[in-house]
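# A look at the structure
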Amino acid sequence: MGQLDGKTALVTGAARGIGRAIAEKLAGAGADLVVCDLEHAWLAETAQAITAMGRKTLALATDVSQGPSVQRTVDEALQAFGRLDILVNNAGITRDGLLVRMAEEDFDRVLAVNLKGTFLFTKAVARAMMKQKSGAIINLASIIGLIGNAGQCNYAASKAGVIALTKSAARELAGRNIRVNAVAPGFIETKMTAELSETLRNKMLETIPLARFGLPEDVANIVLFLASDASAYMTGQVLNVSGGMVM
Ligand code: NAI
């Protein structure tokens, strides 16, 4: 018996990295999965891994920053599975640069994907969850949304926004038995962080008390906890998964 038997989960940005690890973790706990990402083809490996675990999966091309694309994805998911119990807003991007040099479009795009995408999916899925009178929504924030970071004004603002959105949605939806929580990862080994220089990586490692970078699975374990009834009395919370980088 898995913790999520009989449940259906939707994970955005599930083609690789943390999103893929989350999708596989939830499937391993018994959930059927709707996985989406910018390009359908990118999802093939995630979908294969899920079906190999004996779970049903639907893979869809979605741009989380576009309202019609989000609505189409949620409609198709509900048509295929009849319900959505878990939503993980994971899709996210960086467009780093110092404030005085940051292009307006780099600010807008990061806010559109990270923050507006989370709003659009939460809105579309909340309607179905309200009818069911149950649901768990988990948003990927970042410790950068708590402490800020030079060169990441756009990203930090988007993730601070995700935290505020999480708390507001948690207050609005609690009466319908829908819990909304966030995870704030520190430095996790994925494509997003692979592009950083060796010098910067070493400097960051010195700031992590547990003395290692995180793995996508470290984040996926906490998302599973927030998606399951083990966290039934938690809503509006932000859990740091940063090896102690932020306390
Ligand atoms: P990643 O870059 O490896 O994967 C992100 C996925 O999102 C990709 O598959 C990408 O195609 C997809 N995506 C991007 N824009 C999209 C859009 N408009 N519509 C649909 N899908 C889109 O990133 P990673 O590292 O796995 O990050 C996942 C989440 O975790 C992000 O929200 C990120 O901000 C957050 N995070 C990551 C940390 C890290 O150290 N890697 C630290 C803190 C937070």
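Below is a summary of the structure that appears in this document.

Cut-offs and rules
- For every chain, the first residue of its written sequence is number 1, and the numbers climb from 1 along that sequence.
- The model is predicted, so local features are restricted to residues of pLDDT at least 70 and side-chain atom pairs to those at 80 or more, both for listing and for counting; the totals for chains, interfaces and linings are taken over all residues.
- Only hydrogens and water are set aside; all other atoms, that is, all heavy atoms of the structure, feed into the side-chain values.
- The helix count covers DSSP runs of H or I at least four residues long, the strand count covers runs of E at least two residues long, and both are numbered beginning at the N terminus.
- A simple rule labels every residue: compare its accessible area, found with a 1.4 Å probe on the protein chains alone, to the largest value its type can have, and call it buried under 20%, exposed over 50%, or partly exposed in between.
- Throughout, a contact is declared for two residues whenever any of their heavy atoms are within 4.5 Å.
- By this definition, two strands are paired if DSSP reports at least two bridges between them.

## Quick look at the environment of T62
Structurally, the position occupied by T62 is in the loop between β3 (57-61) and α3 (67-81). Taking the relative accessible area as the measure of exposure, T62 reaches 4% and is therefore buried. Taking the C-alpha atoms as reference, T62 lies 9.4 Å from V35; in sequence the two are 27 residues apart. Among residues more than four places away in sequence, those in contact with T62 are C36, D37, L38, S69, V70, T73 and F121.

## Focus on the pairing of strand β6 (residues 178-185)
Across a regular strand the side chains alternate sides, sitting on one face of the sheet and then on the other. Within β6, eight of the eight residues are buried, which leaves it mostly tucked inside the rest of the structure. Pairing geometry for strand β5 (residues 135-140) and β6, over six bridges, is parallel. Bridge pairing links N139 to A182 in β6. Across four bridges, the pairing between β6 and strand β7 (residues 238-241) is parallel. Opposite A184, over in β7, you have N240 as the bridge partner.

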